[in-house]
Amino acid sequence: MTQAQPQPQPQAQPRIGVDLVPLSRVRELLDPGIGPVLRRFLSAEELTVSRTPDGAPDQAGIAGRLAAKEAVFKLLGAVGRTVPWQGIEVLRGPGGRPGVRLSGGAAELARSAGLGPIDVSISHDGGFAIAVAAATTSLDQRIPLDQQRIPLNQHTSLDHRL
């Protein structure tokens, strides 16, 4: 009788994404002369929680959410695709900590990349908001390295996606 060889267990591989958004860019997006542009980037629920106690738009909070969405998108490894803005929601979790909710195409990209739960950290100071997103992926599910490279002509900033 032969014994079955143990199958190697897939190992978790960390992934990280980071993005920086100047608050000046949010001020431009809030300019009434350009229309309701933020509705393309933020869900109704995100817009609701992106208000100060007096009801004004929270520019730092909006910049942080936009940075977090970009950071999460970088985890997805969707080179050359458009950011699924509405499919990546950054909301308040327990204790006010940011949490990520994926839906539609963003959720499918996360499944295809073999991503586990996504954790996000956001900070803002000195006119900028920065966000870091982290998750793990199984080595068996990772996108091959030659497919992860982002050609310089395919990466555009938030400024150029409007």
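In this report, we go over the structure that sits alongside the text. (Residues numbered from 1 in each chain as written. Predicted model: local features only at pLDDT ≥ 70, side-chain atom pairs only at ≥ 80, totals over all residues. Heavy atoms only, no water.)

Structurally, leucine 20 is set in strand 1 (residues 12-22). Considering only alpha carbons, one finds leucine 20 and glutamate 70, 50 residues apart in sequence, at a separation of 8.7 Å. Dropping the residues within four chain positions of it, leucine 20 is found in contact with Phe128, Ala129 and Ile130. (Helix = DSSP H or I, 4+ residues; strand = E, 2+ residues; numbered from the N terminus. Contact = heavy atoms within 4.5 Å.)

In this structure, alanine 68 sits in helix 4 (residues 59-76). What makes alanine 68 buried here is its relative accessible area of 0%. Put simply, alanine 68 and valine 21 are 47 residues apart on the chain and 9.4 Å apart in space, counted from C-alpha to C-alpha. In this structure, alanine 68 is in contact with Val90, Val120, Ile122 and Ala131, ignoring residues within four places of it in sequence. (Buried < 20%, exposed > 50% of the residue type's maximum accessible area, 1.4 Å probe, protein only.)

Here glutamate 46 shows up in helix 3 (residues 44-49). Reaching out from glutamate 46, the side chain makes a polar contact with the backbone nitrogen of valine 90 at a distance of 2.7 Å. (Polar contact = N/O pair within 3.5 Å; in protein donor to acceptor, adjacent residues only side chain to side chain.)

A word on the packing of aromatic side chains. In this description, a pair of aromatic rings is defined by centroid distance and the angle of the planes. Scanning the model with the defined rule gives one aromatic pair in all. Between phenylalanine 41 and tryptophan 85, the aromatic rings sit 4.7 Å apart at their centres with planes inclined by 85°, giving edge-to-face as the arrangement. With phenylalanine 41 in helix 2 (residues 38-41) and tryptophan 85 in the loop between helix 4 and strand 2 (88-92), the pair connects residues that are 44 residues apart, well separated along the chain. Residue class for phenylalanine 41 comes out buried when judged on its relative accessible area of 1%. In this structure tryptophan 85 comes out as buried when scored by relative accessible area, which is 8%. (Phe/Tyr/Trp six-rings, centres within 6.5 Å; stacked < 30°, edge-to-face > 60°.)

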